[in-house]
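# Fold and contact review
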Amino acid sequence: MLGIPDEMFIRNEKIPMTKEEIRVLALSKAKLFHGAKFVDIGSGTGSVTVEAGLYVGSKGKVYAIEKDPNAVELTRKNVEKFDLHNVTIIQGESPDVLKEIREEVDAIFVGGSERLEDSLVASNEILKKKGRIVIDAILLETAVKAMEVLNSMNYNPQIIEVIIAKGMKTSKGYAMLSRNPIFIVYGEKP
Ligand SMILES: C[S@@+](CC[C@H](N)C(=O)[O-])C[C@H]1O[C@@H](n2cnc3c(N)ncnc32)[C@H](O)[C@@H]1O
């Protein structure tokens, strides 16, 4: 079951989190399954890592890659909070540290888009055939770049724009608060 409420994670206002509804969509586009091997590039708070770790279960595996030491610590705390034992946290920058993953994986999520093109090209090296890459982008330029690179690798990329508002209870009723509009780009390795 996907969709852990955001409130259940330990958070840090300086580290932006992929929101609950976006995680559900992104991981469904990744075609995650029980036993899958998954990579989270730019794990930040660890919300996607935790969600994926719970979903793939004890026979699956999650690699969380994060360059910011504070975010690495936060990922570690959330992995511990959810008592996960199938997560390997790798501190460092993608694509440099992707070579530390010495097996093929089923899906890769890119939530940290610095050095995007190089990360996607290196991701292709460790992804199984028919495996999926999913990129979460706030900027239009990031989404366009992701589409271009996936196209050049024959991944037949798709893109969706997600606009969600969540109800917040006030004294007068529910106010619908906007979640950041976001692009999700995804494609499958031929
Ligand atoms: C939007 S935030 C985190 C989103 C994360 N999915 C979450 O739910 O918390 C993006 C993170 O990616 C990291 N990042 C960006 N580019 C990266 C790269 N090339 N390699 C590793 N980490 C990266 C940043 O340090 C930041 O913590």
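Small disclaimer: the values here were computed from a predicted structure and weren't measured. (Residues numbered from 1 in each chain as written. Predicted model: local features only at pLDDT ≥ 70, side-chain atom pairs only at ≥ 80, totals over all residues. Heavy atoms only, no water.)

## Describing the overall build of the protein chain
Check the secondary structure of the protein chain and you find 5 helices and 9 strands. In sequence order, the protein chain lays out its α and β elements as α-β-α-β-α-β-β-α-β-α-β-β-β-β. Against the compact-globule benchmark of 16 Å for 190 residues, the protein chain has a radius of gyration of 16 Å, which places it among compact chains. Out of the 190 residues belonging to the protein chain, those deemed buried represent 47%. Excluding contacts between residues fewer than 6 apart, the proportion of contacts in the protein chain whose partners are at least 24 apart in sequence is 67%. With the model as given, the accessible surface of the protein chain reaches about 9800 Å², and the carbon-plus-sulfur share is 51%. (Helix = DSSP H or I, 4+ residues; strand = E, 2+ residues; numbered from the N terminus. Rg over C-alpha atoms; globule rule 2.2 N^0.38 Å. Buried < 20%, exposed > 50% of the residue type's maximum accessible area, 1.4 Å probe, protein only. Contact = heavy atoms within 4.5 Å. Areas by Shrake-Rupley, 256 points an atom, 1.4 Å probe, with all protein chains shown as cover.)

## Let's talk about helix H4 (residues 116–126)
Within H4 the residues assigned to the buried category are Leu-116, Ser-119, Leu-120, Ser-123, Asn-124 and Ile-126. Angularly, the buried residues of H4 cover 165 degrees about the axis, an arc narrow enough to put them on a single face. Turning to H4, the residues buried within the fold contact strand S1 (37–41), strand S4 (105–110), strand S5 (127–137) and helix H5 (140–152). (Arc of directions from axis to C-beta.)

## Examining the nonpolar core
In terms of nonpolar packing, the biggest core is built from 27 residues, with Phe-38, Val-50, Val-134 and Ile-184 touching the most fellow members. Those elements that place two or more of their residues in this core are helix H1 (20–29), helix H2 (47–56), strand S2 (61–66), S4 and strand S9 (182–188). Every residue in contact with Phe-38, bar those within four places of it in the chain, is listed here: Leu-27, Leu-32, Val-48, Ala-52, Lys-61, Val-62, Tyr-63, Ala-107 and Phe-109. Counting residues in hydrophobic clusters, the runner-up holds 26 residues, among them Leu-98, Ile-101, Ala-137 and Leu-150. (Core = buried A, V, L, I, M, F, W, Y, C linked by side-chain atoms within 4.5 Å.)

## Here's the deal with the sheet that holds S1
The strand order S3-S2-S1-S4-S5-S9-S6 describes an open sheet built from 7 strands, whose pairing is mixed. Among the strands making up the open sheet, the edge pair consists of strand S3 (87–91) and strand S6 (158–162). If you compare each strand with its neighbour and ignore which way they point, the axes differ by 15 degrees on average. Taken strand by strand, H4 contacts S1, S4 and S5, and its axis lies near 155 degrees from that of S5. (Pairing = 2+ DSSP bridges. Axes fitted to C-alpha atoms, helices over the stretch in contact; angles between N-to-C directions.)

## Points about the packing of aromatic side chains
Evaluation of the coordinates by the stated rule reveals 1 aromatic pair. Taking 5.2 Å as the distance between ring centres and 35 degrees as the angle between the ring planes, the aromatic pair formed by Phe-9 and Phe-82 counts as tilted. Here the residue Phe-9 occupies a position in the segment before H1, and Phe-82 occupies one in the loop between helix H3 (69–81) and S3, the gap between them amounting to 73 residues. Each member of the pair, Phe-9 as well as Phe-82, carries the same accessibility label: buried. (Phe/Tyr/Trp six-rings, centres within 6.5 Å; stacked < 30°, edge-to-face > 60°.)

## Digging into the UniProt feature "domain: Methyltransferase" (unreviewed entry) in the protein chain
With numbering matched to this structure, UniProt assigns "domain: Methyltransferase" (unreviewed entry) to residues 35–164. The span residues 35–164 is 36% helical and 29% strand by assignment, and the distance between its end C-alpha atoms comes to 30 Å. (UniProt positions renumbered as here; feature names shortened; annotations may be inferred.)

## Brief notes about the environment of Glu-73
One can find Glu-73 in helix H3. In this structure Glu-73 comes out as partly exposed when scored by relative accessible area, which is 38%. Spatially, the C-alpha atom of Glu-73 lies 9.7 Å from that of Ile-89, the residues being 16 residues apart in sequence.

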